[in-house]
Amino acid sequence: MELNQLTIKQAQKGLKDKEFSSLELVKSCLARIKKVDKKVKAFITVCEKEAIEQATLIDTTIQRYNDIERLFINFPLLGLPIAIKDNFCTKGIKTTAASKVLENFVPSYDATVVRKLKGRGAIILGKTNMDAWAHGSSTETSDFFTTLNPWDLQRLPGGSSGGSAAAVASEMTIGAVGSETAGSIRQPAAWCGVVGFKPTYGGISRYGLIAMCSSTDCPGSLTKTVEDTEILWKVLEGKDKFDATSTRHTRHDTRDTKFKIGVPKEYFLKEMEKEVKERVWEAIKVLGKLGFNIKQVSLLDPRYSIAVYTIIQRSEVSSNLARYDGVRYGNKRDCFGNEAERRIMLGTYTLSAGYYEAYYQKAQKVRSLICQDFGEVFKKVDLLVAPTSPSVALSVGATKESAMFGELQDVLMEASSLAGLPAINIPCGFTKVGLPVGMQLIGPQFSEELLLSVGKKYEEKTQWYKRKPKL
Amino acid sequence: MGKMDKKQVLHIAKLAQLKLNLSEVEKFSSQLSETLDYVGILGELDKKVRNLPPTAQATNLKNVFREDKVKPSLSQEEVLANASATYKGYFKTKAIFE
C-alpha cells in the first residue's frame, strides 16, 4: 500500500509511530498527482514547494519532540496533506473560485477553515477545481477546465466541490475540504464514491469562503471514511468571531441503537435510476439489521424546494457578486461566465421592485414551510435516510444548455440545506458497471454527533471505502 | 407572470452592470423565462404559506453583536495588494461624476 492511499486516521497513526515521515507522505501524494491528475484534472493549483517545505519543518519538530502523544493531541492533523476547494481564501496562494474574474487573485488572509487546519498541523496540498463561484453540480461551469470522474473518465465528478471529491477518490490527497450550498459536497461525494459531510448551517465558519448564497453556504469535508470526517469536524467546528452566523453546538447523546431512522417516500423519485433505488434500499436493510428502527415518513414534495432554492440562491448571488467591480481585486465584470451571468440576472430580477413579493418573499415563506415540515418529521424520527442523487455520475456534456441543471440534480438536498440541517453522503455500493452510489443521512440541527455515529456503524459493517477506482 | 422579454433582459443587465451581446440577450430571454415558469409551481402552495413569516436564515440567531472597538486589521499594503490601480495608498477608479 502506498502512503497516499491512507486515511487520515491511518496516516495520523503512522506519523505518530514514526513508521514514515510527513515528507514521505506529502511526496507520495505529489507523485500520485503527477501520475493521475493529467487525466482527472482535480487541481487548479498544486502547492508542491510550500507543501514540501512545510513537511520538512514538521518532521524536524516530530524528531525533536519528546512527548509525541501530547504533540498529536495538540496537533491532530500534524503533517497531513489536505486539499482545499478553490473558493477558500489561502494567504499567499492563488484563490480563483474557478472564475476568470479571480484568475490572479492572491488573498492577504486565510479563511477560518484554512487557519484552523494549519493551526492543527495540516499541510495545504493544493487548491481544487469547482464550478465557477460554486454555481453548478458538475465542474463543467469551471472557467478553466472540467474535472473527470475517477471511476469513469467519460463521466462528470459532480459539483460544485467536484475537484475535492475526485482528488479524494483518486487518492491524490489524504482528505479534502469543500463547501455546500445545496448539494455541492454531498452530490460529488455520491458520484465519486467518497464520504461528504455538510454540518448544520453555521457549524463551521464561512469567514474567507467566497460568498455565494450566504444563508445556506456551509463549509464541510470530503474524506475516504466517516471516521476521517469526524476528525476534521472536530478541528473545524465552532463559533468564530469573524462570522456572526457561526454557532456553538449543543451536543446530542449517542444512545446506541434505539434510534428511529425515517425513510421519506417522496425522496424515491419516479424518474430515479433503478440501481440507485436498489442500493439505497439495501443500505436501509443494513441499518435495520444494525438495530435501528426503520420507519416510513412523509415530507413535502422535493420539487418545491427546487423552486425555493432557485429563487433564494439567485437573489443572494446577485447581491454577493455585485461586489466584483474590478477595482479592489479581481478582473472586471465582463469576465463572468455565462452561468454566473444567468444567475446574477435572475436574482436581480427576483429582487427588483415589483417582483420582490411575487418571488423572493414567497420563496422565503415556503422556506418556512420546509423548516416546519422537517420539524414535524423529527418529532417522529431521529434521522432520515434517502438517496443523495437521483442518478449515478452522468456523462461529460450533460449540463450543456440546461438553465437549471444544478437545481434539478440537487433535488434531494435542497430542502435540507434551506432548513440548515446537517447531512452526510456515505457510499452504499456500486452499479453493475461499477459506478458508486451514495445515500444520505439527514438529521435535525446540531445532530452531527449522532449522524457520524450512525454513519460509522454502517461504514464498519459494509466497508465500501475499500473499493478503489482503477486509473 | 413567468416571461422575461428582451427589453426586460436588457434592463436587468443594466441594473446588474453586465454587458450582453445580442445572442446572449436572446438566449437569456428564453432561459430565464423557462426558469420563471418552473418556479411558478410555488403558486400551488399559496394557501398554505399565506400566514407564515418569511425565513431569511434557518438557525434563528438574533442580534449577534461585537464590542465596538478598533482591532488590528490588514495593513493598507495588504488591502491594496490586489487592486488594478492605486494612487498614493488609495484605490484608483474611474470618475463617476461629471
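The structure under discussion appears in the preceding block.
Residues numbered from 1 in each chain as written. Chains lettered and ligands numbered in written order. Predicted model: local features only at pLDDT ≥ 70, side-chain atom pairs only at ≥ 80, totals over all residues.

Caption draft 1: Spatial organisation of the overall build of chain A. Scanning chain A from terminus to terminus reveals 15 helices and eleven strands. In terms of overall dimensions, chain A has C-alpha extents of about 65 × 60 × 45 Å along its principal axes. A burial count over chain A gives 61% of its 471 residues as buried. Pairs at least 24 apart in sequence give 78% of the contacts found in chain A among residues at least 6 apart. (Helix = DSSP H or I, 4+ residues; strand = E, 2+ residues; numbered from the N terminus. Buried ≥ 20, exposed ≤ 12 C-beta atoms within 10 Å, placed from the backbone. Contact = placed C-beta atoms within 7 Å.)

Caption draft 2: Inspection of the overall build of chain B at higher detail. Counting secondary structure elements, chain B contains four helices and two strands. Mapped from its N terminus to its C terminus, chain B presents α and β elements in the order α-α-α-α-β-β. Since a compact globule built from 98 residues should have a radius of gyration of about 13 Å, the 22 Å found for chain B marks it as more spread out than a globular shape. Taking the principal axes of the C-alpha coordinates as reference, chain B spans close to 55 × 45 × 25 Å. For chain B, the residues scored as buried account for 15% of the 98 residues in total. (Rg over C-alpha atoms; globule rule 2.2 N^0.38 Å.)

Caption draft 3: Representation of the interface of chain A and chain B within the structure. On the chain B side, the residues contacting the 51 residues of chain A number 41 residues. Breaking the side of chain A that touches chain B down by element, the ones donating at least two residues are α10 (302–320), α11 (338–350) and α12 (357–380) of chain A. Broken down by element, the residue count for the side of chain A that touches chain B peaks at twelve residues, all from α12(A). When its residues are assigned to classes, the side of chain A that touches chain B shows 26 nonpolar, 15 polar and ten charged. (Nonpolar A, V, L, I, M, F, W, Y, C, P; charged D, E, K, R; others polar.)

Caption draft 4: The packing of α11(A) against helix α1 (residues 6–15) of chain B, seen in detail. Viewed as axis vectors pointing N to C, α11(A) and α1(B) meet at an angle of 95 degrees, and their least axial separation amounts to 9 Å. With respect to their mutual orientation, α11(A) and α1(B) come out roughly perpendicular. Two secondary-structure elements touch here, α11(A) through Met345(A), Thr348(A) and Tyr349(A) and α1(B) through Ile12(B), Ala13(B) and Leu15(B). Split by residue class, the contact of α11(A) with α1(B) holds five nonpolar, one polar and no charged. (Axes fitted to C-alpha atoms, helices over the stretch in contact; angles between N-to-C directions. Parallel < 35°, antiparallel > 145°, perpendicular 65-115°, else oblique.)

Caption draft 5: Examining the pairing of strand β2 (residues 81–85) of chain A more closely. Residue and element names in this part refer to chain A. Across the five residues that make up β2, a large majority, five, are buried. Pairing analysis gives five bridges linking β2 to strand β3 (residues 123–128), with the strands arranged parallel. Along β3, the bridge assignment pairs alanine 83 with glycine 126. Handedness of the β-α-β unit built from β2, helix α5 (residues 112–119) and β3 comes out right-handed. Two elements, β2 and strand β4 (residues 175–180), share three bridges in a ladder whose sense is parallel. Note on β4: the bridge partner recorded for isoleucine 84 is valine 177. (Pairing = 2+ DSSP bridges. Right-handed = clockwise from strand over helix to strand, strands pointing away.)

Caption draft 6: Expanded view of the packing of helix α2 (residues 22–40) of chain A against helix α3 (residues 48–64) of chain A. Residue and element names in this part refer to chain A. Between α2 and α3, whose axes approach to 8 Å, the crossing angle comes to 160 degrees. Overall, the two elements α2 and α3 adopt an arrangement that is roughly antiparallel. Between α2 and α3 lies a crossing whose hand is right-handed. Two secondary-structure elements touch here, α2 through Ser22, Leu23, Val26 and Leu30 and α3 through Glu48, Ala51, Ile52, Ala55, Thr56, Ile58 and Asp59. Of the residues in the contact of α2 with α3, the class split is seven nonpolar, two polar and two charged. (Left-handed = near helix turned anticlockwise from the far one by under 90°.)

Caption draft 7: Region of the structure containing the sheet that holds strand β8 (residues 293–297) of chain A. Residues and elements named next belong to chain A. Ordered in space as β1-β3-β2-β4-β6-β5-β10-β11-β9-β7-β8, the eleven strands form an open sheet in which the pairing is mixed. Both edges of this open sheet fall to β1 (43–46) and β8, since each of them pairs with a single strand only. Taken over all neighbouring pairs, the strand axes of this sheet differ in orientation by 30 degrees on average, direction set aside.

Caption draft 8: Molecular detail of helix α15 (residues 448–462) of chain A. All names here are of chain A. An ideal rise of 1.5 Å per residue puts 21 Å on 15 residues; α15 measures up with 21 Å between its terminal C-alpha atoms. Listing the buried residues of α15 in full gives Glu448, Leu450, Leu451, Leu452, Val454, Gly455, Tyr458 and Glu459. Buried residues belonging to α15 abut α8 (226–236), α9 (274–289), β9 (383–387), β10 (423–430) and β11 (436–442). Within two residues after α15, glutamine 463 carries a phi angle of roughly 50 degrees, on the positive side. (Expected span 1.5 Å × (residues − 1).)

Caption draft 9: Spatial organisation of the environment of Gly438(A). All names here are of chain A. Among the secondary structure elements, glycine 438 is positioned in strand β11. Residue class for glycine 438 comes out buried when judged on the 31 C-beta atoms lying within 10 Å of it. Put simply, glycine 438 and glutamate 273 are 165 residues apart on the chain and 12 Å apart in space, counted from C-alpha to C-alpha. Apart from residues no more than four positions distant in its own chain, glycine 438 is found in contact with Ala189, Ala190, Thr388, Ser389, Asn425, Ile426, Pro427 and Cys428.

Caption draft 10: Fine view of α5(A). Here α5(A) has its buried residues at Thr112(A), Val113(A), Val114(A), Lys116(A) and Leu117(A). Where α5(A) is buried, its residues meet β2, β4, β6 (218–223) and α8 of chain A.

Caption draft 11: The arrangement of the nonpolar core in detail. Judged by nonpolar contacts, the single largest core of 152 residues is most densely connected at Ile82(A), Val308(A) and Leu383(A). Those residues in contact with Leu383(A), other than ones at most four positions away along the chain, are Phe259(A), Ile261(A), Leu441(A), Ile442(A), Gly443(A), Leu450(A), Leu451(A) and Val454(A). (Core = buried A, V, L, I, M, F, W, Y, C linked by C-beta atoms within 7 Å.)

Caption draft 12: Region of the structure containing unusual backbone geometry. A cis amide bond links Gly159(A) with the next residue in sequence, Ser160(A), at an omega value of 10 degrees. Within the secondary structure, Ser160(A) is located in the loop between β3 and α6 (162–169). A positive phi angle, close to 50 degrees, is found at Gln463(A), a residue other than glycine. Mapped onto the fold, Gln463(A) is located in the segment after α15. Judged by C-beta crowding, with 11 C-beta atoms within 10 Å, Gln463(A) ranks as exposed. One non-glycine residue, Asn60(B), lies in the positive phi region at around 60 degrees. Tracing the backbone through its elements, the reader meets Asn60(B) in the loop between α3 (46–49) and α4 (76–80).

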